[in-house]
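Residue-level structural notes
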Amino acid sequence: MKRLLLVNGCYRGRCRWRLQQCTVVPLPQQTPFLSRKRTLSSSSQQLQQRPEFISIVTHEHLLDTIPLCDVRNFCLIAHIDHGKSSLSSRILELTGNQGLAAQQFALKASTGEEIIEDKDIIAAASKEKIELLDTLAVERQRGITVKASTASMLYPHPSAKGPNGVLLLHLYDTPGHADFGLEVTRSLQFAQGAVLLLDAAQGIQAQTWSVYDKVKHLEATSEQPPHLLIALTKIDLDSARPVNVALTVSEWLNWEDPDSILLTSARHRRGIKELLDAICEQVPSPRPLADDADDDVMMRAQVVDSWYDSRGVNCLVQILSGQLKESDRISIVADGSDSQTQSFSVQEVGIVLPHSHRTSILRRGQWGYVRFGLRDPRQAMPGTVLVYTNQISKPMLLPPSAKLASESNRSALYASVHPAEADGFEELCSAVERLALNDTGLAVQKTASVGSGEGGGPFLGPGLRVGFQGLLHVEVFRQRLMDEFGIDAVVTPPKVPYTITYLPGQKNNLQESYTVVVEDLKDWPEPGIKCKVMEPVVTARIVARVEDAGAVMDLITRKRGTELATKSIDEDKWLFTARLPWAECVTDFHDLLKNATAGYGSLDTSEADPPLQEAKLGKVDILLNGEVVEPLAFVCHHDNVQGEARSVCKKLQQVLPRHQFVTVIQGVAGGKIVASERIKAYRKDVLTKSGKTVGGGDMTRKMKLLEKQKKGKKRMQESGRMRLSQEAFNSVISRS
């Protein structure tokens, strides 16, 4: 018999949670949730009157009469794998976006009615349809969200002020991994509400603080910051600790009222309706622009997101004022002063459910997609504003977030991207440009020349220099190139930018010192040049179990971490904070953390203060048959040069293919060879022909044939070229 734990007057730190008039309800362990009745209080039974089955699919005409005050824009934010996509699918089910049958099923489950259906039907209906919002192939393969997605819904609620008593909801499902934090930031810019989800079994994790800090930052800087709600997910698990997690959240996130934390379970559809009701009651509607007369005369639509398909550029827009119809002539405004006079004809307009549904018109407050023949993806970055062409010269107010389009996102690390095929560079450039439209974290800075380290030299040829937000971002980028464009690309090991100050010395003949930022290791100082190297550092937050504390602290120490501090979150978990070199984090730190904590540890990083620290670093060049392969070069601490060089050479020996000639792999640091490995050549038995020994017993004949073969191998070694695969570059990323 499983019982819900209820606490009366439990004091913990600054938090005091009182639950009065509590009833302990026994829940059968083996009874499915959908096949049992829930006990409801008399007040709840009065509120649980079944509404009319209203959905945006069957009641599209209601969109014409919904005022701006009945619009709610909200997003779901959480640590990775805390149930955002599963909960989103249940919200879409309850609001009818998955069809009438699914909505009826969900409403019965939410009101506790007994469902008498075939067991197979109940089992099929119990599965969350996370693929509705996770539409990318990489999201379904990895089981994570890497791209924010949206959906519009209709929901009847007493707070609606329109004639039909229906609210228009816009849901934004955001990624949870820190590498895609810019997607979360952009989503929060356009939403008036944010629901912070926490796993009732895992509680606070590292990225929980990250997304929470983003909301708090907007509260201090935005004119209309998003209203924050907190909900616990997966409360149906046997390991769930909803009361303990709620108390911990109240203490660590300064949440004053733990009773306001909502309890949900996507699998059993528990708390979904209560969550929607809380959103409708607490999240404010978007504010109208100051000069908005609500007369549909002046149209302004702000680009929220963009993507590219076979028909060109598609824009997800939010209608700020007026209405947008097909065949309208529109132009793009980047900010208040710089506008583009090019005119476009609107070809198609519709809403997102999350699939595209053509409606031919979008009205004030609505979100939807628009296609207008745009071919240059750089013109439709998030934050740009669309207006009628004949009104572009009129004075108008633009939202503050429109300036997001001109702001550059600082990349955390850089890598060069090369096509696997020698003649695929133009196709690669086009694909990366289109992908950058949909991925706000990418920064395509310039084309790497053949002479630079990013150019790859004779081994890779020309490539693109791309900025990323993290190592997972690099992996997802390469997989999306293959899935969406069919391009097999080679991505070199990511490099972080270093700040180097050249000091006066005998070799450089300098009179004054000067400072440069080195992003391409080809510009690294030569051995013997007097200089000071500053590396970027981050503040790392690690949440791990108490029993893994020793392994976590040892890992931080090995990765040159400083200012290590620990705090107890609850009786099972600790919080570790430390300053870590960013170069150590982007290699294999996350994998080593997962190994050290049996998969339970989580990591989040933020820029440290100060962001740079002096370090004794050296560059290690990798030579193949005496020729430097610049993309394989890396930087490490002086104390680890020999060990890491040996590790890379050993891994290259395992992944590089054998050839007809010997391949010599060497690691060079400070002008000295610190590591070396060899790959043996394929060898033909020249002493045997047609099953017989050549030359009989004449040793001179045999030596002559062997010497001739040796000279041929040497010529091949001097002129031969090998092909570098992605596995060769991955060996440099993981050097432990």
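A few points on the structure. (Residues numbered from 1 in each chain as written. Predicted model: local features only at pLDDT ≥ 70, side-chain atom pairs only at ≥ 80, totals over all residues. Heavy atoms only, no water.)

**So, the packing of aromatic side chains**
To be explicit about the condition: Aromatic pairing here means that ring centres of Phe, Tyr or Trp (its six-membered ring) are within 6.5 Å. Orientation follows from the plane angle: under 30 degrees is stacked, over 60 is edge-to-face, and everything else is tilted. Labels follow the DSSP assignment, with helices taken as runs of H or I lasting at least four residues and strands as runs of E lasting at least two, numbered in each case from the N terminus. With a 1.4 Å probe rolled over the protein chains alone, any residue whose accessible area is under 20% of its type maximum counts as buried; one over 50% counts as exposed, and the rest are partly exposed.
Counting across every chain of the model gives seven aromatic pairs. Ring centres of Tyr498 and Trp524 lie 5.5 Å apart, and the angle between their planes is 90°; this geometry places the pair in the edge-to-face category. Highlighted residues: Tyr498 in strand S25 (residues 498-502) and Trp524 in the loop between strand S26 (514-518) and strand S27 (531-545), separated in sequence by 26 residues. The exposure class assigned to Tyr498 is buried, which follows from its relative accessible area of 4%. Judged by centre distance (5.1 Å) and plane angle (20°), the ring pair of Tyr502 and Tyr514 falls under stacked. Note that Tyr502 is positioned in strand S25 and Tyr514 in strand S26, a separation of twelve residues in sequence. Judged by its relative accessible area of 40%, Tyr514 falls in the partly exposed class.

**Section: helix H15 (residues 641-655)**
What counts, and what does not: One less than the number of residues in a helix, times 1.5 Å, gives the span that helix is expected to have. Residue contacts are counted whenever heavy atoms from the two residues lie within 4.5 Å of one another.
Across its 15 residues, H15 extends 21 Å between first and last C-alpha, which sits within 8% of the 21 Å expected from 1.5 Å per residue. Along H15, the residues that are buried comprise Val641, Glu644, Ala645, Ser647, Val648, Cys649 and Leu652. Tucked inside the fold, the buried residues of H15 contact strand S31 (617-624), strand S33 (634-637), strand S34 (663-669), strand S35 (672-679) and helix H17 (726-733).

**Description of the pairing of strand S23 (residues 463-468)**
Worth spelling out the cut-off: For two strands to count as paired, DSSP must find a minimum of two bridges between them.
Counting buried positions along S23 yields six of six residues, so the element is predominantly enclosed. Relative to S23, strand S21 (residues 413-419) runs antiparallel, the two being bridged by five bridges. Among the inter-strand pairings, Ala415 is bridged to a residue of S23, identified as Val466.

**Brief notes about the pattern of salt bridges**
As a reminder, the rule being used: By definition here, a salt bridge exists when the distance from a side-chain nitrogen of Lys or Arg to a carboxyl oxygen of Asp or Glu is within 4 Å.
Enumeration according to the criterion identifies 29 salt bridges in this entry. In this structure, Glu219 engages Lys216 in a salt bridge whose closest nitrogen and oxygen atoms are separated by 3.3 Å. Here Glu219 pairs with Lys216, and both are found in helix H7 (residues 206-221), just three residues apart, close to one helical turn. Accessibility expressed as a relative area gives 36% for Glu219, which makes it partly exposed. A single network of salt bridges, built from pairs that share partners, joins Glu535, Lys559, Arg560, Glu584 and Asp588.

**Comments concerning the environment of Gln141**
Looking at the element boundaries, Gln141 is found in helix H5 (residues 137-142). On the accessibility criterion, Gln141 (56% relative accessible area) is exposed.

**Digging into the nonpolar core**
Note on soluble globular proteins: their nonpolar side chains tend to be buried together. Spelled out, the test is: Buried Ala, Val, Leu, Ile, Met, Phe, Trp, Tyr and Cys residues that are joined via side-chain atoms within 4.5 Å together make up what is termed a nonpolar core.
Formed by 49 residues in total, the largest nonpolar core has its most connected members in Val417, Phe468, Leu481 and Trp524. Here Val417 is in contact with Leu428, Gly463, Leu464, Val466, Phe468, Phe477, Leu481, Ala489, Val490 and Val491, once residues within four sequence places are set aside.

**Examining the packing of helix H6 (residues 181-190) against H7**
Formally: Between the N-to-C directions of two axes lies an angle of 0 to 180 degrees, each axis being a line fitted to C-alpha atoms and, for a helix, fitted only over the stretch in contact. The crossing is said to be left-handed when, going from far helix to near helix, the turn is anticlockwise and less than a right angle, and right-handed when the turn is clockwise. Residues are grouped as follows: Ala, Val, Leu, Ile, Met, Phe, Trp, Tyr, Cys and Pro are nonpolar; Asp, Glu, Lys and Arg are charged; every other residue, Gly included, is polar.
Close contact between H6 and H7 brings their axes to 10 Å; oriented N to C, the two are set at 35°. Along this stretch, H6 crosses H7, giving a crossing that reads as right-handed. Each of Gly181, Val184, Thr185, Leu188 and Gln189 in H6 lies in contact with H7, whose residues at this interface are Val211, Lys214, Val215 and Leu218. Residue composition of the contact of H6 with H7, by class: five nonpolar, three polar and one charged.

**Some remarks on the side chain of Thr150**
Using the following cut-off: Think of a polar contact as two N or O atoms within 3.5 Å of one another; within protein, one of them needs to be a possible hydrogen donor and the other a possible acceptor, and neighboring residues in sequence only count if both atoms come from side chains.
Inspection of the secondary structure assignment puts Thr150 in strand S6 (residues 149-156). At a separation of 2.9 Å, a polar atom in the side chain of Thr150 contacts the main-chain carbonyl oxygen of Leu171. The contact partners of Thr150, leaving out residues within four places of it in the chain, are Leu133, Leu171, Tyr172, Leu316, Val352, Pro354 and Trp367.

**Some thoughts on the packing of helix H13 (residues 549-558) against helix H14 (residues 582-596)**
To keep it simple, the criterion reads: An angle counts as roughly parallel when it lies under 35 degrees, as roughly antiparallel when it exceeds 145, as roughly perpendicular when it falls between 65 and 115, and as oblique in every other case.
Between H13 and H14, the least distance of the axes is 9 Å, while the angle of their chain directions is 160°. Accordingly, the angle class assigned to the pair H13 and H14 is roughly antiparallel. Every pair of crossing elements has a handedness; the one defined by H13 and H14 is right-handed. Where H13 abuts H14, its residues Ala551, Val552, Leu555 and Ile556 lie against Phe589, Leu592, Leu593 and Ala596. When grouped by side-chain class, the residues that make up the contact of H13 with H14 number eight nonpolar, no polar and no charged.

**Brief notes about a negative patch on the surface**
The following threshold applies: Patch members must show over 30% relative accessible area and no salt bridge, and they are joined within 9 Å when carrying like charges or within 5 Å when they are nonpolar side chains of Val, Leu, Ile, Met, Phe, Trp or Tyr. Computed with the Shrake-Rupley method and a 1.4 Å probe, the accessible areas treat only the protein chains shown as cover for residues. Note on charges: Lys and Arg go in the positive column, Asp and Glu in the negative column, and His and the chain ends are not counted at all. To locate a charge, take atom NZ for lysine, CZ for arginine, CG for aspartate or CD for glutamate.
On the surface, a cluster of negative charge is made up of Glu421, Asp423, Glu426 and Glu427. With respect to the helices and strands, the residue Asp423 is situated in the loop between S21 and helix H10 (425-438). The class of Asp423 is exposed, set by a relative accessible area of 65%.

**Side note on the sheet that holds S6**
Reading across from one edge, S6-S7-S5-S8-S9-S10 is the order of the six strands in this open sheet, with mixed pairing throughout. In this open sheet, the two strands that pair with only one neighbour each are S6 and strand S10 (262-263). Sheet analysis places S6 next to strand S7 (residues 166-173), joined by eight bridges and oriented antiparallel. Bridging from a neighbouring strand, Met153 pairs with Leu169 of S7. Contacts from helix H9 (residues 272-282) reach strand S5 (71-78), S6, S7, strand S8 (193-199), strand S9 (227-233) and S10 within the one sheet, and its direction differs from that of S9 by about 175°.

**With respect to the side chain of Asp179**
Along the chain, Asp179 falls in the loop between S7 and H6. Overall, the relative accessible area of 11% leaves Asp179 in the buried class. Engagement of the side chain of Asp179 in a polar contact is seen with the backbone nitrogen of His473, the distance being 3.2 Å. If we ignore the near neighbours within four places in the chain, the residues touching Asp179 are Gln469, Gly470, Leu471, Leu472 and His473.

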